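Summary of structural features
So the chains spell out like this:
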Amino acid sequence: MTMSATAAAGASASAEPFLRLSGLRKTYPGVLALADFSMEVRPGEVIGLVGENGAGKSTLMKILGGVIEPDHGTITIDGVAHPSLSVAQSMAAGIAFVHQELNLFDNLDVAANVYMGREPRKLGFLKLVDDDKLHKAVQPLLDRLGATFSPGTQVSRLSLAQQQIVEIAKALSLRSRLVILDEPTSSLPIAETEKLLEVIAGLKAHGISVIFISHRLHEVVQASDRVIVLRDGNLVGTLEGDDINHDTMVRLMVGRDLKVDYVSPARTDGAVVLSIRKVRTSTYPDHEIDLDLRAGEILGLAGLVGAGRTELARVLFGIDRPAAGSGSVVLDGREVHFATSSAAVEAGVFLVPEDRKGAGLLLDFPIAQNITLPNLHAYARRRLVSRDAEFARAERSRVELDIRAPDVGQRTSALSGGNQQKVVLAKWLAMQPRAIIFDEPTRGIDVGAKAEIYRLMRALSDAGVAVLMISSDMEEVIGVSDRVAVMHEGHIQGTLDRAQCSEENILRLAVGRSI
Amino acid sequence: MLKKDLGLLTLIIVVGAVVAIINPRFLSPINIANTANLVGLFGIFAIGQGFVIITGGIDLSVGSIIALLGVIFIDLIANHEVWWPLAAVLVLGLGVVMGLVHGLLITRLKLQPFVVTLCGLLIYRGIARFYTKDATAGFPFGVNFPDLEWITTGRTDIVSLITGGTVQSIPIPHAFFIMLVIAVIMWFVLHRSVFGRYLYAVGKNEEAARYSGIRTTQVIIAAYVISATLAALSAIFFAMYTRSILPSGHGNFYELYAIAAAVLGGFSLRGGEGSIVGVVLGTVLLQVLQNLVNLLGIPSSLNFAVMGTVILIGVIADQQFQVHRQRAAARKGRQNSPGKSVAEAAG
């Protein structure tokens, strides 16, 4: 990584910038979304772009993509100045986007996705798709990205990181000069993230520039030649070389020194609340999971994507049935079998799911109705819901959790990611939790909201609730957990206490070795 | 009342006014009573269909249930001399069982609602025809059920009843009253009860509902039971209304009337949207249109074409209004809380 970085840094210093933004300004009624922003992009440069939600990153990206027009400023491409870009101009200039939410057709193969809408044709007016030609065109792109799958692979069989490679291949097929990766690693586990960073280095080596947007700062440190920090629409810093470090970025992003004080003395002496004994999931029916969750501790659960962590959470919460021959789950000394999620909820075992928008919330429902949904009977008399009781409860939650919304009657879809996650938490905090499983609790959430969620998790564990935190974010796993269990292919490969808990140890266990 | 419902009510009044101007017989007491009777008959099972549609499902078996259970009901009371309240309970019980089977097949075996209830449509229709050997089921000469007939096909002039006969008004068919009672009960169930909230949650996003600890399978099964049971109830009403049932034709396309009423009433076939007031008003509009075809001398063969056209226009208008409203709301939102909405847009 460092070698290629220095090599390309040398190359980019000599090259002329092909894209130059100067004095870009965009206001929405009452709000300055972007203020006099200027930057240059040279061939083969990797630029990290960081900032909290609402800092102006999306506005900048939309201007580059030709989706919105800036109020002032110019965009100069190869010496030609434009007041704004159209989508077609942006594409013609070789700017390609890989969004956080992938836009792939998982029922089609890789090649079909890469050339979607631009398929090579044969037999004239019949317009049949020339599959041979298509696959031959896609193969070299995949080779260039070091992909191990073939153009004929069905996208549904690929991992998330591999799917991102398909998106990047699509960008390459358009002869892109600048690939913008929007939160590419937020859903990737450690090993796959490494792979993606290698792909970025490969793009750079081919002279393709990359803008890398991420909330995961240590990846930004690893990947970027230069880091641009935005806050409230303003460019607050450009970091290069040794200045690219975690603390500097955080300080610039939040405008103050944010000591993330979620690290507190490790406590592992509490009573066992939830004991998982020889549980098998249907994904790994031959492997048994043993794990104890203690009161007062946050147990981190690390591992690669596909290690079976989410599957375990789903079994514990009664969403999936365990595999045949599965052992037992003991809650407060009593053996429990959750055939449905409602049984788990009644017993006080809750899950904050990985897919916040799809599974955690009903986005079209008002905030209040989301909060009361799991426990609606508590706000009802003779089975009729009392709206007053419901709103009173939700209003209390809004204040307690500092959910930033004008009122709890607002649709949940209007909230930012961090506030949506607080609503998910509010659902469970309004009840009596015994154990809460957090699956990737801070994915795609900005630094400030992250810290608040960690504080809430800590408060829960202090109150004697068993907390299991599944996370692929190394910083988070190490910083938040009192103890870390690492899963590998359906079983617990090892458990680390605070003293042993390092990135290296977690990685070794995650790939199936021992420490 | 939602804005959507108000729009539909306006449409009904406008259509009604136009028809009344062209043909004043539209407002004659006998025509109003007859139309109200049909609204009652169709409204009962359309409400049931609404519950299923809210879960994102569909019940195509309604028309065939009305035929089969109607045939059975007449056979029980006319030929087997079963006491009619007992026969009614039996028929309603059969409706519950049918709904339960639909619901179980859909939730436990994960079959698609369209397929399950399409099979129901074919199976029940086939059994109904076999049951009567394709003959018309009816009452033998001279067989009467005064109580049952009073309940199902009777009419009462409320005003006259209250004033002791001094003031006369229109006699209202009992089917319409019963539909209203069901509508009020179901309004509370859907819009105020815990179960109703669960229905909307399951229809909007079943996964999220499950992750909130809702027993989604039970909620879905209950919706199909409600639909089939209300279809069974209207089977009794239709049987007494027509008094003879040709099993190959009785109730044909009724499921589509119900679906049309729901769609007109603002239900989304994707689930999670709709209201009781909406589906009742949708039923009213459909019957007013039927009436319009008759009163304006439009060839009755054009009946379906007129209905289809009006539904299409209604749905297009609604869509346009919604786009307009969303834009207006977005504009308003930006003015009220600029920081909020733009921070999100930019975030």
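The residue numbering used here restarts from 1 in each chain and proceeds along that chain's sequence as written. In the order they appear in the text, chains get letters beginning with A and ligands get numbers beginning with 1. The model is predicted, so local features are restricted to residues of pLDDT at least 70 and side-chain atom pairs to those at 80 or more, both for listing and for counting; the totals for chains, interfaces and linings are taken over all residues.

Our focus in this paragraph is the overall build of chain B. The numbering of helices and of strands both runs from the N terminus, where a helix is a DSSP run of H or I of at least 4 residues and a strand a run of E of at least 2. Regarding its fold elements, chain B presents 15 helices and 4 strands. Note that the radius of gyration is over C-alpha atoms, with the globule rule given as 2.2 Å times the number of residues to the power 0.38. Since a compact globule built from 347 residues should have a radius of gyration of about 20 Å, the 22 Å found for chain B is in line with a globular shape. Judged by the C-alpha coordinates and their principal axes, chain B covers about 80 × 55 × 40 Å. Residues counted as buried form 46% of the 347 residues belonging to chain B. We call two residues in contact when the distance between their C-beta atoms, placed using the backbone, is within 7 Å. Contacts spanning at least 24 positions in sequence make up 75% of the contacts within chain B whose residues lie at least 6 apart. Here a residue counts as buried when 20 or more other C-beta atoms sit within 10 Å of its C-beta, as exposed when there are 12 or fewer, and as partly exposed otherwise, the C-beta atoms being derived from the backbone.

Moving on: the sheet that holds strand E4 (residues 72–77) of chain A. Residue and element names in this part refer to chain A. Two strands make a pair as long as DSSP finds a minimum of two bridges between them. Overall, antiparallel pairing links the 4 strands, which are arranged E2-E1-E4-E5 in an open sheet. Each having just a single partner strand, strand E2 (31–41) and strand E5 (80–82) make up the two edges of the open sheet. With direction set aside, neighbouring strand axes in the sheet form an average angle of 20 degrees. Inspection of the sheet shows strand E1 (residues 19–28) paired to E4 by 5 bridges, in the antiparallel sense. Throughout, an axis means a line fitted to C-alpha atoms (over the contacting stretch in the case of helices), and angles, computed between N-to-C directions, take values from 0 to 180 degrees.

Residue and element names in this part refer to chain A. With respect to the element layout, Gly 23 can be found in strand E1. Judged by the 12 C-beta atoms lying within 10 Å of it, Gly 23 is exposed. Measuring from C-alpha to C-alpha, the distance between Gly 23 and Ala 323 comes to 60 Å, with 300 residues separating the pair along the chain. Among residues more than four places away in sequence, those in contact with Gly 23 are Asp 36, Ser 38, His 72, Gly 73 and Thr 74.

Entries for chain A in the domain assignment read domain 1 (2–94 + 177–253), domain 2 (103–175), domain 3 (270–348 + 433–515) and domain 4 (365–431). If you average the C-alpha positions of domain 1 of chain A and of domain 4 of chain A, the two centres end up 37 Å apart. Domain segmentation is taken from an automatic or database assignment of domains.

Here we take up the nonpolar core. Across soluble globular proteins, nonpolar side chains show a tendency to be buried alongside one another. Core analysis: the biggest nonpolar cluster contains 182 residues, and Val 467 of chain A together with Ile 65 and Ala 235 of chain B have the highest contact counts within it. In terms of residues, this core owes the most to one element, helix H11 (residues 216–242) of chain B, which gives 19 residues. Counting only domains with at least three residues in this core, you end up with domain 3 (270–348 + 433–515) and domain 4 (365–431) of chain A. If we ignore the near neighbours within four places in the chain, the residues touching Ile 65 of chain B are Gly 95, Met 98, Tyr 124, Ala 228, Ala 231, Ala 232 and Ala 235 of chain B. Core analysis: the second largest hydrophobic core is formed by 72 residues, Val 31, Ala 33, Val 138 and Leu 252 of chain A among them. Joined through C-beta atoms within 7 Å, a set of buried Ala, Val, Leu, Ile, Met, Phe, Trp, Tyr and Cys residues constitutes a nonpolar core.

Before going further, it helps to spend a moment on the packing of helix H4 (residues 84–107) of chain B against helix H5 (residues 113–131) of chain B. The packing of two helices is summarised by the inter-axis angle and the distance between the axes. Residue and element names in this part refer to chain B. Closest axis-to-axis distance for the H4/H5 pair is 9 Å, and the angle between their directions is 145 degrees. The two elements H4 and H5 cross, and the hand of that crossing is right-handed. Packed against H4, whose contacting residues are Met 98, His 102, Leu 105 and Ile 106, the element H5 presents Pro 113, Val 116, Thr 117 and Gly 120 at the interface. Class assignment for the residues of the contact of H4 with H5 results in 5 nonpolar, 3 polar and no charged. The crossing is said to be left-handed when, going from far helix to near helix, the turn is anticlockwise and less than a right angle, and right-handed when the turn is clockwise. Residues are grouped as follows: Ala, Val, Leu, Ile, Met, Phe, Trp, Tyr, Cys and Pro are nonpolar; Asp, Glu, Lys and Arg are charged; all remaining types, including Gly, are polar.

Take helix H6 (residues 160–173) of chain A next. For an α-helix, 3.6 residues make a turn, and residues three or four places apart therefore share a direction. Residue and element names in this part refer to chain A. Each residue after the first adds 1.5 Å to the expected span of a helix. Compared with the 20 Å implied by 1.5 Å per residue over 14 residues, the 20 Å span of H6 between its first and last C-alpha is a close match. The element H6 is extensively covered by neighbouring structure, given that 11 of its 14 residues are classed as buried. Every buried residue of H6 is listed here: Ala 161, Gln 162, Gln 164, Ile 165, Val 166, Glu 167, Ile 168, Ala 169, Lys 170, Ala 171 and Leu 172. Just beyond H6, the residue with positive phi is Arg 175, at close to 55 degrees.

Before going further, it helps to examine the sheet that holds strand E9 (residues 178–182) of chain A. All names here are of chain A. The 6 strands are arranged E6-E9-E10-E3-E11-E12 in an open sheet whose pairing can be described as mixed. Edge positions in the sheet fall to strand E6 (95–98) and strand E12 (234–240), since each of these pairs with one other strand and no more. Averaged over neighbouring strand pairs, the angle between their axes works out to 20 degrees when direction is ignored. Here strand E11 (residues 226–231) runs beside E12; their pairing, made up of 6 bridges, is antiparallel. Note on E12: the bridge partner recorded for Val 229 is Gly 237. Across the sheet, helix H9 (residues 246–254) lies against strand E3 (46–50), E11 and E12, angled at about 25 degrees from E11, the strand it touches most.

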